[in-house]
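Here is how the chains run, residue by residue.
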Amino acid sequence: MPSSELLPELVKAVAVSKPNRDTWLVEELLDSFTPWDEGVEVRRTRFPGVLLVLSRRLDPATIARLSRRVEFSFMTRLIPATIALHVEAKSELVGALERLLRGVTGDLDLIATIRGEGKSVVSESEVKSLITGMNYRLRRGAVRVLAVESVDRLFVLAVGVIRSCGLNCKLLVVE
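Please read these numbers as outputs of a predicted model, since none were measured by experiment. (Residues numbered from 1 in each chain as written. Predicted model: local features only at pLDDT ≥ 70, side-chain atom pairs only at ≥ 80, totals over all residues. Heavy atoms only, no water.)

Topic: the state of the cysteines
Logical step 1: Inspection of every chain in the model, using the stated rule, returns one disulfide.
Logical step 2: A sulfur-sulfur separation of 1.9 Å characterises the disulfide bridge that pairs C165 with C169. Every disulfide takes its handedness from the sign of the S-S torsion; for C165 and C169 that torsion is -75 degrees, giving left-handed.
Logical step 3: The class for C169 is buried, based on a relative accessible area of 4%. (Disulfide = S-S within 2.5 Å. Buried < 20%, exposed > 50% of the residue type's maximum accessible area, 1.4 Å probe, protein only.)

Some details on the side chain of R115
Logical step 1: On the secondary structure map, R115 appears in the loop between β6 (109-113) and α4 (124-133).
Logical step 2: Exposure remark for R115: the relative accessible area of 9% places this residue in the buried category.
Logical step 3: Engagement of the side chain of R115 in a polar contact is seen with the side chain of E149, the distance being 2.8 Å.
Logical step 4: In this structure R115 touches V16, F47, V50, R77, E149, S150, V151 and D152, once residues within four positions along its chain are discounted. (Helix = DSSP H or I, 4+ residues; strand = E, 2+ residues; numbered from the N terminus. Polar contact = N/O pair within 3.5 Å; in protein donor to acceptor, adjacent residues only side chain to side chain. Contact = heavy atoms within 4.5 Å.)

With respect to the layout of surface pockets
Logical step 1: In this structure, the largest pocket spans a volume of roughly 240 Å³.
Logical step 2: Taken together, L108, D109, L110, I111, A112, E124, K128, L138, R139 and R140 form the lining of the largest pocket.
Logical step 3: Looking at the lining of the largest pocket, the elements with two or more residues in it are β6 and α4.
Logical step 4: Of the residues assigned to the lining of the largest pocket, the class counts are five nonpolar, no polar and five charged. (1 Å grid on protein atoms, 1.4 Å probe; cavity = no way out; pocket = protein on both sides within 12 Å on 5 of 7 lines; lining within 4 Å. Points joined across faces, edges and corners; volume = space filled by probe spheres on them. Nonpolar A, V, L, I, M, F, W, Y, C, P; charged D, E, K, R; others polar.)

Digging into the packing of aromatic side chains
Logical step 1: Taken as a whole and assessed by the stated rule, the structure comprises one aromatic pair.
Logical step 2: Plain terms: the ring middles of W24 and F74 are 5.0 Å apart, the flat faces sit at 55 degrees to each other, and that makes the pair tilted. One end of the pair, W24, is in helix α1 (residues 22-33); the other, F74, is in the loop between α2 (60-67) and β4 (75-80), and 50 residues separate them in sequence.
Logical step 3: What makes W24 partly exposed here is its relative accessible area of 47%.
Logical step 4: Under the relative-accessibility criterion, F74 is labelled partly exposed at 21%. (Phe/Tyr/Trp six-rings, centres within 6.5 Å; stacked < 30°, edge-to-face > 60°.)

Focus: the nonpolar core
Logical step 1: Within the largest apolar cluster, 26 residues are counted, with the highest numbers of intra-cluster contacts made by L97, L101, L146, V148, F155 and L157.
Logical step 2: Top contributing element to this core by residue count: helix α3 (residues 90-101), with six residues.
Logical step 3: Once residues within four sequence positions are removed from consideration, F155 is found in contact with I83, A84, L85, V87, L93, I114, G118, V121, V122, V148, E149 and S150.
Logical step 4: In this structure, A15, L51, L58 and L66 belong to the second largest nonpolar core, which totals 21 residues. (Core = buried A, V, L, I, M, F, W, Y, C linked by side-chain atoms within 4.5 Å.)

Quick notes on the environment of A147
Logical step 1: If you trace the backbone, A147 turns up in strand β7 (residues 144-151).
Logical step 2: Each C-alpha atom of the pair A147 and I111 lies 4.6 Å from the other, and the pair is 36 residues apart in sequence.
Logical step 3: When near neighbours in sequence (up to four residues on either side) are disregarded, A147 contacts I79, I111, V156, L157, A158 and L172.

Thoughts on the pattern of salt bridges
Logical step 1: What the rule picks out here adds up to 10 salt bridges.
Logical step 2: The salt bridge partner of E41 is R43, with a shortest N-O separation of 2.9 Å.
Logical step 3: Residue classification places E41 among the partly exposed positions, given a relative accessible area of 34%.
Logical step 4: One continuous salt-bridge network, built from bridges that share partners, spans R77, R115 and E149. (Salt bridge = Lys/Arg side-chain N within 4 Å of Asp/Glu carboxyl O.)

Considerations on α1
The α-helix advances 3.6 residues per turn, and as a result positions three or four apart in sequence lie on the same side.
Logical step 1: With 12 residues, α1 ought to run about 16 Å at 1.5 Å a step, and its terminal C-alpha atoms sit 16 Å apart, in line with that.
Logical step 2: Taken residue by residue, α1 has L25, V26, E28, L29, S32 and F33 as its buried positions. Projected onto a plane normal to the axis of α1, the buried residues spread over an arc of 165 degrees and lie on a single side.
Logical step 3: Taken together, the buried residues of α1 touch β1 (11-17), β2 (41-44), β3 (50-54), α2 and β4. (Expected span 1.5 Å × (residues − 1). Arc of directions from axis to C-beta.)

Put into structure tokens, the structure is as follows:
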């Protein structure tokens, strides 16, 4: 099913596999989440190594908490979907970022990966400009991290702290 047909409220995380390890990562993710939601799904996207975690029962913070219990062998990054939405115009993304960052203070590090049709909405450099235009200072190595991931026009946003989830694996733990 293309990402445009997914209900954004079912998307709980974006996972990125190590090169050519997405099949094994699907199994690791299912093993990690199925005991808490038998209906959890891990869907491949049209982008190699990019997977979506879908659930009706688990929320993004729970996905992050459960992921901290596991050492993943085949994943490079897991971003919980604090906000998941289909974006047609940059203004929609700006509104979502404003909601997400309300009450957040201090410097932010940024993980921004825009894929496919999402690039027709915003580029990664435009995301940086939007954040600095909201009076946030972006600084590499800041404790708090803003993640913006797109799978075509499906955007996933989250703020949290990076933790290790295995060798060369980063998990964003949401607040």
